[in-house]
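Residue-level structure breakdown
Residues per chain, in single letters:
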Amino acid sequence: MDRNSNIKSPSALVSLIPLAVLVIFLALSIKLFGGDAIAGGSQLSLLAASAVCSAMAMGIYHRKWSVLEDAIVENMRNATPAIIILLMIGMIAGTWMASGIIPSLIYYGLKILHPSIFLPASCVICAIVSLLTGSSWTTIATIGVALMGIGRAQGFEDGWIAGAIISGAYFGDKVSIMSDTTVLASSTAEVPLFKHIKYMMFTTTPSLIIALTVFTIAGLTATTSASINTGEIETALLNAFNISPWLLVVPILTGALISRKLPAIITLFASATMAAIAMIIAQPEIIPQIAGEGLNPAMAAFKAVVISSTTDCSILTGNTLLDDLVATSGMGGMMDTIWLITCAMCFGGVMYGSGMLSAISQIFLRIARRTVSVVGSTVTSGLFFNLTTGDQYISIILTCNLFRQLYDDRDLERRLLSRSVEDSATVTSVLIPWNSCGMAQSTVLGVATLTYLPYCIFNILSPIMSVVVAAIGYKIYKRSKNEE
């Protein structure tokens, strides 16, 4: 900035100090709170690191607070659409569940399970559920747990089962319009959401195809015991919901809206509205359970829509695993993530306003000459931040902020940045034992991170595929060109 033009800039080594403070505080938070660090510990760590950065910038390099504040405000302005989309995602998560849309998809998906196709089917089921819910964590903690039990009963090794579940869940999470990591990566890199998802398919699709091929071969060659009856789960779904293929009309219409390239916020709101109408029509028995007894039908329906859209909503199915799956938190469940984004924007803002982010990026500027080295550096950075910060959200934000200017200087489209970040920071987090994702999934599935790591084919291939596609030069666009 002009008012700082005559002020000494921080060196790359000094600029790493706030980052080191962040890593230390995050390590302490994760050690104390585990996967619950996102509920407060991670946010406080970001604010502490922001304070250290601000103190250094103002005390040592004489930056004005107004400069740092302007950078924070600009970061927050860029994050506002993501926050609105996250609220819409929470609304969809609740209405799609209470309307029976997701339970219907799970019901039909479970019917295809058989030992010979169990591994690829598990991957596909988790991919579908995660795609529709936008949450790999929810998918793994619910349907993933059920699939672990089925797979063990059929005689599959824990590593293979967990690898198929995690591969599918993170594929769906990565390309879902309802995924907070997908929204976060696209918004931080300032790329339209649907454009970001479409561009990811060039690396994500080959990775999934290879993963499914591996799981298919492994399933056909594995020696397993007799198949297990999934009738208990199916019966619980039928007892709790009115399962119907007609409910799949809502996902189909949502897909049609996406294909028309409407703004994400409009598409998400329209989808949630359709799901709310479907709940009133298809699930009249569930409405009193959500809204409570003693209300007239119109008031009960309105209250049920409000509760499922905005706050905790539980539906009893008679099956513990399904009870966990159909329990949603609506828009309220997104507040921890929104809180984290807000604090991360503060940290990114002061790092940028102080000149420290630019100083660190100069290291990569010297080594990233060709497109493949730019992408390779981005992928490496995403993995590095997952290893050091222990949180995929922070890894996404830091990597996007660090490389944004570099991609502009190389005249590369920002969607290459957002894709590279997702190919690394999003999917590798679950492979690291001390990362919040790795700890959470290991605990939920009852399988050590290092046990399932070699079998998470999709997660391992994604960062490699990102570099390979860049090396080939396929669909790599300059900023002056338009994809269409």
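Positions within a chain are numbered from 1, following the residues in the order the chain's sequence is written. In keeping with the model being predicted, local features are shown solely for residues with a pLDDT of at least 70 and side-chain atom pairs are shown and tallied solely at 80 or more, while totals for entire chains, interfaces and linings include all residues. To obtain the side-chain values, all non-hydrogen atoms of the structure were used and water was disregarded.

Here the focus is the overall build of the protein. Helix and strand assignments come from DSSP, with helices taken as H or I runs of at least 4 residues and strands as E runs of at least 2, each series counted from the N terminus. Secondary structure assignment for the protein yields 23 helices and zero strands. Taken over C-alpha atoms, the radius of gyration is set against a globule rule of 2.2 Å times the number of residues to the power 0.38. Scaling as 2.2 N^0.38, a compact globule of 484 residues should have a C-alpha radius of gyration of about 23 Å, and the protein matches this with 23 Å. Overall, the protein is about 70 × 55 × 50 Å in size when its C-alpha atoms are taken along their principal axes. We call a residue buried when its accessible area falls under 20% of the maximum for its residue type, exposed when it is over 50%, and partly exposed in between, using a 1.4 Å probe and counting protein chains only. Expressed as a percentage of its 484 residues, the buried residues of the protein come to 58%. Only heavy atoms matter for contacts: two residues are in contact if any of them lie within 4.5 Å across the pair. In the protein, 78% of the contacts between residues at least 6 apart in sequence involve partners at least 24 apart.

Together, Ile-464, Val-468, Ile-472 and Tyr-474 make up a nonpolar patch on the protein surface, roughly 400 Å² of accessible area in all. Assignment of secondary structure puts Tyr-474 in the segment after α23 (457–472). With relative accessibility at 43%, the residue Tyr-474 sits in the partly exposed group. Patches were defined on residues exceeding 30% relative accessible area and lacking a salt bridge, with like-charge contacts within 9 Å and nonpolar side-chain contacts (Val, Leu, Ile, Met, Phe, Trp, Tyr) within 5 Å. Note on areas: these come from Shrake-Rupley sampling with a 1.4 Å probe, and a residue is covered only by the protein chains present in the view. Counted as salt bridges are all cases of a side-chain nitrogen of Lys or Arg within 4 Å of a carboxyl oxygen of Asp or Glu.

With that settled, the discussion passes to the nonpolar core. Put simply, a nonpolar core is a bunch of buried Ala, Val, Leu, Ile, Met, Phe, Trp, Tyr and Cys residues held in one set by side-chain atoms that sit within 4.5 Å of each other. Ranked by internal contacts, the top residues of the largest apolar core, which has 142 residues, are Leu-22 and Ile-290. If you tally residues by element for this core, the top one is helix α3 (residues 65–98), at 14 residues. Beyond its immediate stretch of four places on either side in the chain, Ile-290 contacts Ala-98, Met-279, Ala-304, Ile-307, Cys-313 and Ile-315.

Let us now look at empty space enclosed by the protein. Here a cavity means grid points, on a 1 Å grid over the protein atoms only, where a 1.4 Å probe fits yet cannot get out; a pocket means an open set of points with protein on both sides within 12 Å along at least five of seven lines; lining residues are those with an atom within 4 Å of a point. Grid points are joined across faces, edges and corners, and a volume is the space filled by probe spheres set on the points. Overall, the coordinates contain three cavities of 30 Å³ or more when judged by the stated rule. Within this model, the largest cavity holds a volume of roughly 60 Å³. Around the largest cavity sit Leu-19, Phe-347, Met-351, Leu-357, Ile-360, Phe-385, Leu-398 and Leu-402, which together line it. Those elements that place two or more of their residues in the lining of the largest cavity are α16 (335–353), α17 (356–367) and α19 (392–409). Each residue gets one of three labels, nonpolar for Ala, Val, Leu, Ile, Met, Phe, Trp, Tyr, Cys and Pro, charged for Asp, Glu, Lys and Arg, and polar for the others, Gly among them. A class-by-class count of the residues in the lining of the largest cavity yields eight nonpolar, no polar and no charged.

Below, the discussion takes up the packing of aromatic side chains. Side-chain rings of Phe, Tyr and Trp, where Trp is taken by its six-membered ring, are said to pair if the distance between their centres is within 6.5 Å; with planes under 30 degrees apart they count as stacked, over 60 as edge-to-face, and otherwise as tilted. Taken as a whole and judged by the stated rule, the model has six aromatic pairs. Measuring from ring centre to ring centre gives 5.3 Å for Phe-118 and Phe-156, while their planes differ by 25°; the resulting arrangement is stacked. Of this pair, Phe-118 sits in helix α5 (residues 118–133) while Phe-156 sits in the loop between α6 (136–153) and α7 (158–175); the two residues are 38 residues apart in sequence, bridging distant segments of the chain. Accessibility classification places Phe-118 together with Phe-156 in one group, the buried group. Where Tyr-199 meets Phe-202, the ring centres are 5.8 Å apart and the plane angle is 85°; that geometry is what we call edge-to-face. Taken together, the positions of Tyr-199 and Phe-202, both in helix α9 (residues 193–221) and three residues apart, correspond to about one turn of that helix. Residue classification places Tyr-199 among the buried residues on the basis of a relative accessible area of 1%. Since its relative accessible area comes to 21%, Phe-202 is described here as partly exposed.

Here we come to α3. One full turn of an α-helix is made of 3.6 residues, so residues set three or four places apart face in the same direction. A rise of 1.5 Å per residue sets the reference length of α3, with its 34 residues, at 50 Å; its end C-alpha atoms lie 48 Å apart and thus fit the reference within 8%. If you look at α3, its biggest bend is around 40°, right at Ala-79, and the proline Pro-81 turns up within four residues after that. Note on α3: the residue one or two positions beyond its end, Gly-100, has a positive phi of about 90°. Here a helix's expected span is defined as the number of its residues, less one, multiplied by 1.5 Å. Consider a residue and the seven residues that end there alongside the seven that start there; fitting an axis to each set, the bend is the angle between those axes.

Bringing the environment of Leu-295 into the picture now. Among the structural elements, Leu-295 can be located in the loop between α13 (286–291) and α14 (297–310). What makes Leu-295 partly exposed here is its relative accessible area of 40%.

Attention shifts here to the confidence of the model for the protein. pLDDT is defined as a per-residue confidence score from the predictor, taking values between 0 and 100. Residues of the protein with pLDDT of at least 70 account for 90%, and the chain-wide mean is 82. Between residues 1–5, whose pLDDT stays under 50, and residues either more than four places distant or in other chains, the model counts eight contacts.

By disulfide we mean two sulfur atoms from cysteines, separated by a distance within 2.5 Å. Here the structure, examined in full by the defined rule, presents zero disulfides. For the unlinked cysteine Cys-123, the closest cysteine sulfur is that of Cys-126, found at 7.5 Å. Residue classification places Cys-123 among the buried positions, given a relative accessible area of 1%. Free cysteine Cys-437: the closest other cysteine sulfur is in Cys-456, separated by 12 Å. Cys-437 gets classed as buried once you look at its relative accessible area, which sits at 1%.

Between the N-to-C directions of two axes lies an angle of 0 to 180 degrees, each axis being a line fitted to C-alpha atoms and, for a helix, fitted only over the stretch in contact. Where α9 contacts helix α20 (residues 414–428), the axes come no closer than 9 Å and their chain directions differ by 60°. Looking at the two axes, α9 sits oblique to α20. The handedness of the crossing between α9 and α20 comes out as right-handed. Residues Lys-195, His-196, Tyr-199, Met-200, Phe-202, Thr-203 and Thr-204 of α9 pack against Arg-415, Leu-416, Ser-418, Arg-419, Glu-422 and Asp-423 of α20. Tallied by class, residues from the contact of α9 with α20 come to four nonpolar, four polar and five charged. Angular relationships are summarised with four words: roughly parallel below 35 degrees, roughly antiparallel beyond 145, roughly perpendicular across 65 to 115, and oblique for the angles in between. In a left-handed crossing the near helix is turned counterclockwise from the far helix by less than a right angle, and in a right-handed crossing that turn is clockwise.

A separate point is the pattern of salt bridges. Under the criterion given, the structure shown has six salt bridges. A salt bridge links Asp-423 to Lys-174; the nearest nitrogen and oxygen atoms lie 2.2 Å apart. Taken together, the residues Asp-423 in helix α20 and Lys-174 in helix α7 connect sequence positions 249 residues apart. Residue Asp-423 shares its accessibility class with Lys-174, and that shared class is buried. In this structure, the salt-bridge partner of Arg-415 is Glu-413, at a minimum N-O distance of 2.3 Å. We classify Arg-415 as buried; its relative accessible area is 2%. Given the relative accessible area of 8%, Glu-413 is considered buried. One salt-bridge network, in which partners are shared between bridges, spans Glu-190, Arg-404, Asp-408 and Arg-414.

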